[in-house]
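Examining the three-dimensional arrangement
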Amino acid sequence: MSKPLLVLMDDNRPLFETMLSSLDYEACELEWRQFPDGETWLNVPSECQGRDVVIQCALNDPDTKLLRLLFLVENLREMGARRIGLVAPYLAYMRQDDRFSPGEAVTSRYVAHMLSTCFDWLVTVDPHLHRFHSLNELYQLESVALSACHAIAPWMMKKVAKPVLIGPDEESEQWVKAVAELSGAPYLVLAKERYGDRDVNVGLADSAEQASRLAEYRDHTPVLIDDIVSTGSTILQAARLLQENDCKPAVCIVIHPLFAGRAMQALQEGYVDTVISCNTIRHESNQIDLTESIVSAVRDMAVR
């Protein structure tokens, strides 16, 4: 039987090349372009009949990528592909998980239905599960949600002296707590109020108690950990709060470095000393490599 095909549909070629060599798959270099009217032309130059196909596509900038992804899957099916898996290290449309006001679209459910219908299996990293307990509550296909915490903890223990982990808001606690348990570092979680997409306020959950705890850790390096940084507003507010409490300059570790607009520059020019990210999305801040766990998950899916 011919080797499975690995198709690159994002710009994270370093991850693609490592996966390719580790899995002994055949590369399929997708060909596509846009016509002047905005429609997409797409071509798969490889023979697909009876072969398994794995598509690597982090779903940042999802509205640009999803239609092209659907065209690709339909084309692969028509060309005779056997099983088609999606490696989406970042999975978009997870945060709109409820109807918060009348008429709002619950987009997490719609994207989950779309991808579950198209693919046979899915591998992702730390999807933003807040009101759902697992990915299987949304996605009706075989799926694996990997945790970046197992890579973050050893990186942090090696690179940061005397860390104290800081969750910038309540939703970050699941990642901060996991890294704390793996590393033995102390942690605390701040409180956030959101007024708009870029308008947030971060404070101490219990002013007197948390201020006292921060005072205990003034000789530690604060490590802010969050799954997603988009505008950077929450991290900046948290870092400023730490500085106001006489903490050392903060290190920021982010799993999915979306960094919309000037977010990265704002963090570097603001109250954050260093910004580090995992390689779920290609970015200059990538230092924590998740390839090994992604490759292992793909191997497991391939033999099912």
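Refer to the structure above for everything that follows.
A brief look at the structure comes next. Note that the coordinates shown come from a computational prediction; the quantities given were computed from them, not determined experimentally. (Residues numbered from 1 in each chain as written. Predicted model: local features only at pLDDT ≥ 70, side-chain atom pairs only at ≥ 80, totals over all residues. Heavy atoms only, no water.)

1. What to know about the layout of surface pockets
Quick reminder of the rule: Throughout, the protein atoms alone are placed on a 1 Å grid, and a set of points is a cavity if a 1.4 Å probe fits but cannot get out or a pocket if it is open with protein on both sides within 12 Å along at least five of seven lines; lining residues have an atom within 4 Å of a point. Grid points are joined across faces, edges and corners, and a volume is the space filled by probe spheres set on the points. Only Asp, Glu, Lys and Arg are considered charged, only Ala, Val, Leu, Ile, Met, Phe, Trp, Tyr, Cys and Pro nonpolar, and every remaining residue, Gly among them, polar.
Counted as a void, the second largest pocket has a volume near 220 Å³. Taken together, 14 residues line the second largest pocket, and the ones lying closest to its centre are Met-9, Asp-10, Asp-11, Trp-32 and Arg-68. Broken down by class, the residue content of the lining of the second largest pocket amounts to 5 nonpolar, 1 polar and 8 charged.

2. Details of the sheet that holds strand 14 (residues 250-257)
Operational definition: Paired strands, in this sense, are two strands between which DSSP finds at least two bridges. Note on conventions: DSSP H or I runs of at least 4 residues are helices, E runs of at least 2 residues are strands, and numbering of each starts at the N terminus. To define axes, lines are fitted to C-alpha atoms, for helices over the stretch in contact only, and angles between the resulting N-to-C directions are given on a 0 to 180 degree scale. By definition, residues are in contact when any of their heavy atoms lie within 4.5 Å.
Spatially, 10-9-13-14-15-16 is the arrangement adopted by the 6 strands of the open sheet, whose pairing is parallel. Here the strands that pair on one side only, and so sit at the sheet edges, are strand 10 (187-189) and strand 16 (286-288). Adjacent strand axes in the sheet meet at a mean angle of 35°, parallel and antiparallel pairs treated alike. Examined bridge by bridge, strand 14 and strand 15 (residues 272-278) share 5 bridges and lie parallel to one another. Bridge assignment links Ala-250 to a residue of strand 15, and that residue is Val-272. Along the sheet, helix 7 (residues 233-244) contacts strand 9 (163-167), strand 13 (221-229), strand 14 and strand 15; its crossing angle with strand 13, the most-contacted strand, is approximately 165°.

3. Observations concerning the packing of aromatic side chains
Just so we agree on the cut-off: Here the aromatic set is Phe, Tyr and Trp, taking the six-membered ring for Trp, and pairing holds for ring centres within 6.5 Å; pairs whose planes are under 30 degrees apart are stacked, those over 60 apart are edge-to-face, and all others are tilted. Only lysine NZ and arginine CZ atoms are considered, and such an atom sits over a ring when it is within 6 Å of the ring centre and within 35 degrees of the ring normal.
Counting across every chain of the model gives 0 aromatic pairs. Over the aromatic face of Trp-41 sits the side chain of Arg-33, whose NZ or CZ is 4.4 Å from the ring centroid. The ring of Trp-32 has Arg-68 sitting right over it, with the charged end atom 3.8 Å from the ring centre.

4. Considering helix 7
Note the following rule: In this scheme, a helix's expected span is set at 1.5 Å multiplied by one less than its residue total. Whether a residue is buried, partly exposed or exposed follows from its accessible area with a 1.4 Å probe, protein chains only, as a fraction of its type maximum: under 20%, in between, or over 50%, in that order.
The terminal C-alpha atoms of helix 7 lie 16 Å apart, and with 12 residues this matches the ideal 16 Å at 1.5 Å per residue to within 8%. Taken together, the buried positions of helix 7 are occupied by Ser-233, Thr-234, Ile-235, Gln-237, Ala-238, Ala-239, Leu-241 and Leu-242.

5. Quick word on the packing of helix 2 (residues 62-78) against helix 3 (residues 107-118)
Relative orientation and spacing of two packed helices are given, respectively, by the angle between their axes and the distance between those axes. Spelled out, the test is: If an angle is under 35 degrees, it is roughly parallel; if it is over 145, roughly antiparallel; if it lies from 65 to 115, roughly perpendicular; otherwise it is oblique. In this scheme the crossing of two helices becomes right-handed for a clockwise turn of the near helix relative to the far one and left-handed for an anticlockwise turn of less than a right angle.
Packing of helix 2 against helix 3 leaves a shortest axis separation of 10 Å and a crossing angle of 20°. It follows that helix 2 is roughly parallel to helix 3 by the angle criterion. Remark: the crossing between helix 2 and helix 3 carries left-handed chirality. For the pair helix 2 and helix 3, the contacting residues are Leu-66, Leu-69, Leu-70, Val-73 and Arg-77 in the first and Val-111, Met-114, Leu-115 and Cys-118 in the second. Here the residues of the contact of helix 2 with helix 3 sort into 8 nonpolar, no polar and 1 charged.

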